[in-house]
Protein chains: 2
Amino acid sequence: MAISVTILGSNSAIPTANRFPTAQVINVNQSYYLVDCGEGTQMQMRKYGIKIQRIKAIFITHLHGDHYFGLIGLLNTMHLLGRQSSLELHGPSELLEILELMFKHADTRLQFDLNFRSIEENSAGKIYEDGQVAVSNFPLKHRIKCSGFRFDELPKMRKIKKSALDAYQVPIEKIKNIKEGADFELSDGTIVRNEVLTSDPLPAKSFAFCSDTKYTESILPYINKVDLLYHEATFTEEFKERATKNLNSTAKQAATLAEKAEVGQLIIGPHSAR
Amino acid sequence: MAISVTILGSNSAIPTANRFPTAQVINVNQSYYLVDCGEGTQMQMRKYGIKIQRIKAIFITHLHGDHYFGLIGLLNTMHLLGRQSSLELHGPSELLEILELMFKHADTRLQFDLNFRSIEENSAGKIYEDGQVAVSNFPLKHRIKCSGFRFDELPKMRKIKKSALDAYQVPIEKIKNIKEGADFELSDGTIVRNEVLTSDPLPAKSFAFCSDTKYTESILPYINKVDLLYHEATFTEEFKERATKNLNSTAKQAATLAEKAEVGQLIIGPHSAR
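What counts as what
Residues numbered from 1 in each chain as written. Chains lettered and ligands numbered in written order. Predicted model: local features only at pLDDT ≥ 70, side-chain atom pairs only at ≥ 80, totals over all residues. Heavy atoms only, no water. Pairing = 2+ DSSP bridges. Helix = DSSP H or I, 4+ residues; strand = E, 2+ residues; numbered from the N terminus. Axes fitted to C-alpha atoms, helices over the stretch in contact; angles between N-to-C directions. Contact = heavy atoms within 4.5 Å. Buried area = accessible area lost by both parts, 1.4 Å probe. Salt bridge = Lys/Arg side-chain N within 4 Å of Asp/Glu carboxyl O. Polar contact = N/O pair within 3.5 Å; in protein donor to acceptor, adjacent residues only side chain to side chain. Nonpolar A, V, L, I, M, F, W, Y, C, P; charged D, E, K, R; others polar. Parallel < 35°, antiparallel > 145°, perpendicular 65-115°, else oblique. Left-handed = near helix turned anticlockwise from the far one by under 90°. Phe/Tyr/Trp six-rings, centres within 6.5 Å; stacked < 30°, edge-to-face > 60°. Buried < 20%, exposed > 50% of the residue type's maximum accessible area, 1.4 Å probe, protein only. Arc of directions from axis to C-beta. Disulfide = S-S within 2.5 Å. Least-squares fit on C-alpha atoms with pLDDT ≥ 70 in both. pLDDT = per-residue confidence, 0-100.

**Here we look at the sheet that holds strand S2 (residues 23–28) of chain A**
Residue and element names in this part refer to chain A.
Part 1 of the reasoning: Within the open sheet, the six strands sit side by side as S1-S2-S3-S4-S5-S6. Their pairing is mixed. At either margin of the open sheet sits one strand with a lone partner, and together these are strand S1 (3–9) and strand S6 (114–118). Neighbour-to-neighbour, the strand axes of the sheet open up by a mean angle of 20 degrees, direction not taken into account.
Part 2 of the reasoning: Relative to strand S5 (residues 87–91), strand S4 (residues 55–59) runs parallel, the two being bridged by three bridges. Looking at the pairing, Phe59 lines up with His90 of S5.

**With respect to the interface of chain A and chain B**
Part 1 of the reasoning: Contacts between chain A and chain B engage 35 residues on the former and 35 residues on the latter.
Part 2 of the reasoning: Of the roughly 3100 Å² buried at the junction of chain A and chain B (both faces included), carbon and sulfur atoms supply 70%.
Part 3 of the reasoning: It is A:Glu39, A:Met43 and A:Phe69 that lose the most area in chain A upon contact with chain B, and together they represent 21% of the buried surface on that side.
Part 4 of the reasoning: Viewed at the interface, chain B and chain A are joined by zero salt bridges.
Part 5 of the reasoning: Taken together, chain A and chain B are joined by eight residue pairs in polar contact (both at pLDDT 80 or more).
Part 6 of the reasoning: The class makeup of the residues in the side of chain A that touches chain B is 18 nonpolar, eleven polar and six charged.

**With respect to the environment of B:Met157**
Residue and element names in this part refer to chain B.
Part 1 of the reasoning: By secondary structure assignment, the location of Met157 is in the loop between strand S9 (146–153) and strand S10 (159–160).
Part 2 of the reasoning: For the pair Met157 and Phe103, spaced 54 residues apart in the sequence, the C-alpha separation amounts to 43 Å.
Part 3 of the reasoning: Excluding its chain neighbours within four sequence positions, the residues that come into contact with Met157 are Lys179, Glu180 and Pro201.

**Re the packing of helix H3 (residues 93–105) of chain A against helix H3 (residues 93–106) of chain B**
Part 1 of the reasoning: For the pair H3(A) and H3(B), the least separation of the axes is 10 Å and the interaxial angle reads 165 degrees. One finds that H3(A) runs roughly antiparallel with respect to H3(B). At the point where H3(A) passes H3(B), the crossing takes the left-handed sense. Residues A:Glu94, A:Glu97, A:Ile98, A:Leu101, A:Met102 and A:His105 of H3(A) form the contact with H3(B), whose own contacting residues are B:Glu94, B:Glu97, B:Ile98, B:Leu101, B:Met102 and B:His105.
Part 2 of the reasoning: Partitioned by chemical class, the residues of the contact of H3(A) with H3(B) number six nonpolar, two polar and four charged.

**A look at the packing of aromatic side chains**
Residue and element names in this part refer to chain A.
Part 1 of the reasoning: Counted under the stated rule, the structure contains 18 aromatic pairs over all chains.
Part 2 of the reasoning: Considering the side-chain rings of Phe59 and Phe151, the 5.5 Å spacing of their centres and the 80 degrees angle between planes classify their relative orientation as edge-to-face. Of the two residues, Phe59 sits in strand S4 while Phe151 sits in strand S9 (residues 146–153), which places them 92 residues apart along the sequence. Taken as a pair, Phe59 and Phe151 share a single burial class, namely buried.
Part 3 of the reasoning: Judged by centre distance (5.1 Å) and plane angle (10 degrees), the rings of Phe209 and Tyr230 are stacked. Placement of Phe209 in strand S14 (residues 206–210) and of Tyr230 in strand S15 (residues 228–232) is noted, with a sequence separation of 21 residues between them.
Part 4 of the reasoning: For Phe209, a relative accessible area of 0% translates into the label buried.

**Here's the deal with helix H9 (residues 251–260) of chain B**
Residues and elements named next belong to chain B.
Part 1 of the reasoning: Looking at H9, one finds that the buried residues are Gln253, Ala254, Leu257 and Ala258. One side of H9 carries all its buried residues, which in axial view fall inside an arc of 140 degrees. In H9, the exposed positions that point more than 90 degrees away from the buried face belong to Lys252 and Glu259.
Part 2 of the reasoning: After H9 finishes, the residue Glu262 shows a positive phi value of roughly 55 degrees.

**Points about the state of the cysteines**
Part 1 of the reasoning: Evaluated as defined, the whole model comprises zero disulfides over all chains.
Part 2 of the reasoning: Left without a disulfide partner, A:Cys146 is nearest to the cysteine sulfur of A:Cys210, which lies 9.1 Å away.
Part 3 of the reasoning: In this structure B:Cys37 is a free cysteine whose sulfur lies 16 Å from that of B:Cys146, the closest cysteine sulfur available.
Part 4 of the reasoning: By relative accessible area, B:Cys37 is classed as buried at 0%.

**Quick look at the pairing of strand S8 (residues 133–140) of chain B**
Residues and elements named next belong to chain B.
Part 1 of the reasoning: In terms of burial, S8 is largely enclosed, as eight of its eight residues are buried.
Part 2 of the reasoning: Pairing of strand S7 (residues 125–129) with S8 involves four bridges; the strand directions are antiparallel. Each residue of the ladder has a partner; that of Lys126, found in S8, is Ser136.
Part 3 of the reasoning: Hairpin remark: S7 followed by S8, antiparallel, with three residues in the connecting loop.
Part 4 of the reasoning: Pairing of S8 with S9, which is carried by eight bridges, proceeds in the antiparallel orientation. Bridging from a neighbouring strand, Ser136 pairs with Arg150 of S9.
Part 5 of the reasoning: Between S8 and the antiparallel strand that follows it, S9, lie five residues.

**Let's talk about the pattern of salt bridges**
Residues and elements named next belong to chain A.
Part 1 of the reasoning: Under the definition given, this model contains 24 salt bridges over all chains.
Part 2 of the reasoning: A salt bridge links Arg158 to Asp200; the nearest nitrogen and oxygen atoms lie 3.0 Å apart. Taken as a pair, Arg158 in the loop between S9 and strand S10 (159–160) and Asp200 in the loop between strand S13 (198–199) and S14 lie far apart in primary sequence, 42 residues in all.
Part 3 of the reasoning: You can call Arg158 partly exposed: its relative accessible area is 21%.
Part 4 of the reasoning: On the accessibility criterion, Asp200 (57% relative accessible area) is exposed.

**Things to note about the relation of the copies chain A and chain B**
Part 1 of the reasoning: Under the fitted operation, chain A is carried onto chain B by 0.0 Å of movement along the axis and a turn of 180 degrees, and the coordinates agree to an RMSD of 0.0 Å. Here the copies are linked by what is in effect a two-fold axis. Taking the C-alpha atom as reference, chain A places A:Gly40 closest to the rotation axis, 2.8 Å from it.

**Considering the confidence of the model for chain A**
Part 1 of the reasoning: Within chain A, residue pLDDT values average 90, and 96% of them lie at 70 or more.
Part 2 of the reasoning: Scored as a complex, the prediction yields pTM 0.88 and ipTM 0.85.

**Brief notes about the pairing of strand S14 (residues 206–210) of chain B**
All names here are of chain B.
Part 1 of the reasoning: Among the five residues of S14, five are classified as buried, and the element is accordingly described as predominantly covered.
Part 2 of the reasoning: Residues of S14 alternate between two faces, with Ser206, Ala208 and Cys210 on one and Phe207 and Phe209 on the opposite face, all of them buried.
Part 3 of the reasoning: Sheet topology note: the S9/S14 ladder contains four bridges and is antiparallel. Note on S14: the bridge partner recorded for Phe149 is Phe209.
Part 4 of the reasoning: Judged from the four bridges that link them, S14 and strand S15 (residues 228–232) form a sheet pairing that is parallel. Across the sheet, Phe207 pairs through a bridge with Leu228, a residue of S15.

Okay, here's the thing in structure tokens:
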């Protein structure tokens, strides 16, 4: 699979000795991204053998502590380990205010570029893209402003049929075009159609992360047909009233959304003390 | 022993999967205090079976992340678990600024009274006392302002000799005075000296915590004759120059201080990656 997700923590607000608050590493063809960063995320990354410095971008859903209290420590460790490459950080604008205050009072000047991108309330759309993935955000409904994120693997190039290339003696410099879908013209003017030379790539995969949120169908367009949906649902149906009051979802509500959005697979988190 | 220390973390700035940054729980006759609170302290407390809500006061040496990044999470958990009793928090004034900003953006209003006491730069003296212990702070020399802490168990009352009390038919209402050192007068006017009725209590114990600091004999009066000294020393003698540059100590320097201050026992931390 071209997108894999490592759940470093999925506990609700109160961590236990062995269960950590929310953090997930998204691996898209060996490019690594982090969604949320609860306390202890850096320890969990070490435990799971995820190299801290390989994280290219971090996305924070909202400023409840169980979703970001580990961020300052992770950034500090990146700094102390001599990180050179820049890091993109997406989150509510107040996050930058908090980080800057903490760095200031520790007299820490980061050695790497931390490129902060503020996520505006009720905004939606693409916020990040590199060679592997496009990430978009969408608004969730929680007690404080909160974003979900969708990761879409970029379409892959077509797969070369080596035997066909040999047969038509395709020169190396043409291969990139052919991977992108171009036909190939023989010296006698005959056109060899691309489908003869290539096969379909693996379909691009997608993943969506919905943090603490009340049930809302407004997110359906954003999570539509994702291959994998992680939806937090602190409560079972039995506690529906309390879920609604706290602007959280029940597991059944998450399943309903998943069905309506025709998602491939649903993972439900976090696990609360209940 | 009437004071015991549980080292929850003693790693230097970069935590690993199994080694946590600085935090120590000081137990004085079953009253619990926390010195420093690196990331993951609350998980470590659960692992070691220390009840989070029993912590009466927290003392933060300085605002480098490995000494306090776990504090906000611990306070948040105390709040979520419904803490009612007040908590004293001692640390640099900037700490309150940071905590208030984080609580504000999480829209969290603590359910318990957090009584913050600012430690002024270069101050020294008693900052806390309850029925069990007096805590004083003293200035350390580090890259940012930094305090050490000394815990002195309060003198205990004298130990009653039950057989002597029975022999002289001492009434119950006199016992408190006698424990405090009073003599006892018999009905015929004879004075029974306190030493006949009581024996010496166990001597009051003391503990001092010296966080990241360069070698300085200015702390000798403050750590004088403590039973137990925890002194951080990130470097061995081989790295003395680097220790001096970073305003840290070597292990040998910590031992020298311990000897000059005539301390009972010395524990050296933290363990760095070296």
